[in-house]
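Below, each chain spelled out in residue letters.
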Amino acid sequence: MKQKRFRLIMFVLACILLIAVGTVAGFYTPASFDTNPAEQLFTIKRGASVRAIAADLKAAGLIRFEYPAYLYFRLVNKPIKAGTYKLSPAWSVHTLCAYLQAGKQELIKVTVPEGLTLSKTAAILEDRQVVAADDFLAAAKNEALLQSYSIIGASAEGFLFPDTYFFSYDETAERVITVMLDNFFHKTADIPHFPDDPAQRYEAVILASIIEREYRVPEEAVKIAGVFSNRLQIGMGLQSCATVEYILTEIQHKPHPDRLLNRDLEVDHPYNTYKWRGLPPGPISNPGMTALYAACNPEKSGYLYFRLENAETGTHIFTRNLTEHAKAGAIILKRAAGR
């Protein structure tokens, strides 16, 4: 009986103390009496003490009194999770404390479109303030990280899956790369005939990265893949303008050309598929599901050529030989002249 009475008394005293501290700390009143104060970002660093958090909240103008708030946090005695939060000075300490303990962090939404290169992906992530571009590029070339995913290339180019991501404000570049690579292998697991062997998988990704930059209508991706597969089988050059554009923009750092000139097609570089047969040394973009599927499941046909038929719709004409290819070009020019 004495122990039960003692516990009851202690419980009542704790409740009284909690209410008292909460009242002083602003339990019932916000830090600002503005009816609609602006929310602001507030970051709690990993390993920060409760006292440091209370001091930072006071310095940010989110609470009125530091020490009573610190006592309130201690009495509640629940962990506050590190991260970046969007908080309002109109909130009471009770509301603010519950929000931080729930870990409702503010996340950065980033959409990475299909077909972007490694450098352009890095630029987007820096622009959205996820990670610095240089840090991202360095992490993408981390040998240990690449080996852990059995990626045999010099970087993660081609494996950074295009998608919409939600990152926290304290992400590391390695963590961002890992999230994107995990997404790549999760999504490609559903693609029929996607290679398990690292070397074959790398070749499939290289081919997909070229298809990604060539197709405009999704239904034509497998047909374009079929053309490239036929060319590879007979030892013919892929002759992809996209690989030359990659040389000009990503390697030589020139502006993207409005159109390629004959001298561009003669540039002496391993990525020039007009000059060298077979696949280029590495991917030229980060392909999406349509291109990855097409690379692993090319349409069987006798086509060796294709050319853009309609710039507005993005459709192509597919032909079997140079004679048909030239005729298709003449028809397209005639149509254009008749408009």
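The preceding data block contains the structure.
Residues numbered from 1 in each chain as written. Predicted model: local features only at pLDDT ≥ 70, side-chain atom pairs only at ≥ 80, totals over all residues. Heavy atoms only, no water.

J.: Is there a simple way to explain the environment of Ser240 in this structure?
T.: Within the secondary structure layout, Ser240 lies in the loop between α10 (221–233) and α11 (241–251). For the pair formed by Ser240 and Glu214, sequence separation is 26 residues and the distance between their alpha carbons is 7.8 Å. Beyond its immediate sequence surroundings of up to four residues, Ser240 is in contact with Ile210, Glu214, Phe228, Thr273 and Tyr274. (Helix = DSSP H or I, 4+ residues; strand = E, 2+ residues; numbered from the N terminus. Contact = heavy atoms within 4.5 Å.)

J.: So what exactly am I meant to see when it comes to the environment of His94 here?
T.: By the element assignment, His94 lies in helix α4 (residues 93–102). A relative accessible area of 37% means that His94 is categorised as partly exposed. His94 sits 21 residues away from Phe73 along the chain, and the two C-alpha atoms are 9.0 Å apart. (Buried < 20%, exposed > 50% of the residue type's maximum accessible area, 1.4 Å probe, protein only.)

J.: Just to check I follow, could you spell out the pattern of salt bridges for this structure?
T.: Pairing is possible between side chains that carry opposite charge, provided their charged atoms lie close to one another. One pass over the structure, following the stated rule, counts five salt bridges. Across the pair Glu106 and Lys86 runs a salt bridge whose closest N-O atoms are separated by 3.6 Å. Separated by 20 residues along the polypeptide, Glu106 in the loop between α4 and β3 (108–111) and Lys86 in strand β2 (residues 83–87) bring together distant segments of the chain. (Salt bridge = Lys/Arg side-chain N within 4 Å of Asp/Glu carboxyl O.)

J.: Looking at this structure, I do not really get the packing of α10 against helix α13 (residues 289–296). What am I missing?
T.: Angle between the axes and distance between the axes are the two parameters that describe a pair of packed helices. Across the interface, α10 lies against α13 with an axial gap of 8 Å and an inter-helix angle of 40°. Of the possible angle classes, the one that applies to α10 and α13 is oblique. The interaxial crossing formed by α10 with α13 has right-handed handedness. Taken together, the residues of α13 that come into contact with α10 (itself represented by Ala221, Val222 and Ala225) are Thr290, Tyr293, Ala294 and Ala295. Looking at the contact of α10 with α13 residue by residue, the class counts come to six nonpolar, one polar and no charged. (Axes fitted to C-alpha atoms, helices over the stretch in contact; angles between N-to-C directions. Parallel < 35°, antiparallel > 145°, perpendicular 65-115°, else oblique. Left-handed = near helix turned anticlockwise from the far one by under 90°. Nonpolar A, V, L, I, M, F, W, Y, C, P; charged D, E, K, R; others polar.)

J.: So what exactly am I meant to see when it comes to unusual backbone geometry here?
T.: Peptide bonds are trans in most cases, and residues, glycine excluded, mostly fall at negative phi. Despite not being glycine, Asn77 has its phi angle at roughly 60°, a positive value. In the Ramachandran plot, His193 falls in the positive-phi region, its phi being about 65° despite a non-glycine side chain. Mapped onto the elements, His193 comes out in the loop between α8 (173–188) and α9 (198–214).

J.: Would you mind going over helix α6 (residues 133–140) with me for this structure?
T.: Among the residues of α6, Ala133, Phe136, Ala139 and Ala140 are the ones counted as buried. Seen end-on, α6 carries its buried residues on one side only, within an arc spanning 130°. Of the surrounding secondary structure, the elements contacted by the buried residues of α6 are α5 (118–127), α7 (143–148) and α8. (Arc of directions from axis to C-beta.)

J.: Could you clarify how one ought to interpret the environment of Ile177 in this entry?
T.: Examined against the element boundaries, Ile177 turns out to sit in helix α8. Sequence spacing of Ile177 and Leu160 is 17 residues, and the spatial spacing of their C-alpha atoms is 7.3 Å. Once residues within four sequence positions are removed from consideration, Ile177 is found in contact with Phe136, Ala139, Ala140, Leu145 and Leu160.

J.: Please explain the pairing of β2 as it appears in this structure.
T.: For β2, the buried fraction is high: four of the five residues fall into the buried class. Bridge count for strand β1 (residues 40–44) against β2 is five bridges, and the pairing is antiparallel. By the bridge assignment, Leu41 is partnered in β2 with Lys86. (Pairing = 2+ DSSP bridges.)

J.: Can you walk me through the packing of α9 against α13 in this structure?
T.: Between α9 and α13, the least distance of the axes is 8 Å, while the angle of their chain directions is 125°. Viewed along their axes, α9 and α13 adopt a mutual orientation that is oblique. The two elements α9 and α13 cross, and the hand of that crossing is right-handed. On the side of α9, the interface is formed by Ala204, Val205, Leu207, Ala208, Ile211 and Glu212, while α13 contributes Ala291, Leu292, Ala294, Ala295 and Cys296. Classifying every residue of the contact of α9 with α13 by side-chain character gives ten nonpolar, no polar and one charged.

J.: Just to check I follow, could you spell out a negative patch on the surface for this structure?
T.: On the surface, Glu126, Asp127, Asp134, Asp135 and Glu174 cluster together into a patch of negative charge. Looking at the negative patch, the elements with two or more residues in it are α5 and α6. Tracing the backbone through its elements, the reader meets Glu126 in helix α5. (Patch = residues over 30% accessible without salt bridge, like charges linked within 9 Å, V, L, I, M, F, W, Y side chains within 5 Å. Areas by Shrake-Rupley, 256 points an atom, 1.4 Å probe, with all protein chains shown as cover. Lys, Arg positive; Asp, Glu negative; His and termini not counted. Charge placed at Lys NZ, Arg CZ, Asp CG, Glu CD.)

J.: It is not clear to me how the side chain of His325 should be interpreted in this structure. Could you clarify?
T.: Turning to its location among the elements, His325 is positioned in helix α14 (residues 322–338). Apart from residues lying up to four places away in sequence, His325 is in contact with Tyr305, Phe306, Arg307 and Thr319.

J.: I would appreciate a short explanation of α9 in the present structure.
T.: Since the α-helix packs 3.6 residues into each turn, any two residues three or four apart lie on the same face. Taking 1.5 Å of rise per residue, 17 residues should cover 24 Å, and α9 covers 24 Å from first to last C-alpha, within 8% of that figure. Within α9, twelve of the 17 residues are buried, which leaves the element mostly enclosed by the surrounding structure. Listed in full, the buried residues belonging to α9 are Arg201, Tyr202, Ala204, Val205, Ile206, Leu207, Ala208, Ser209, Ile210, Ile211, Glu212 and Glu214. Turning to α9, the residues buried within the fold contact α8, α10, α11, α13, β5 (305–310) and β6 (315–319). (Expected span 1.5 Å × (residues − 1).)

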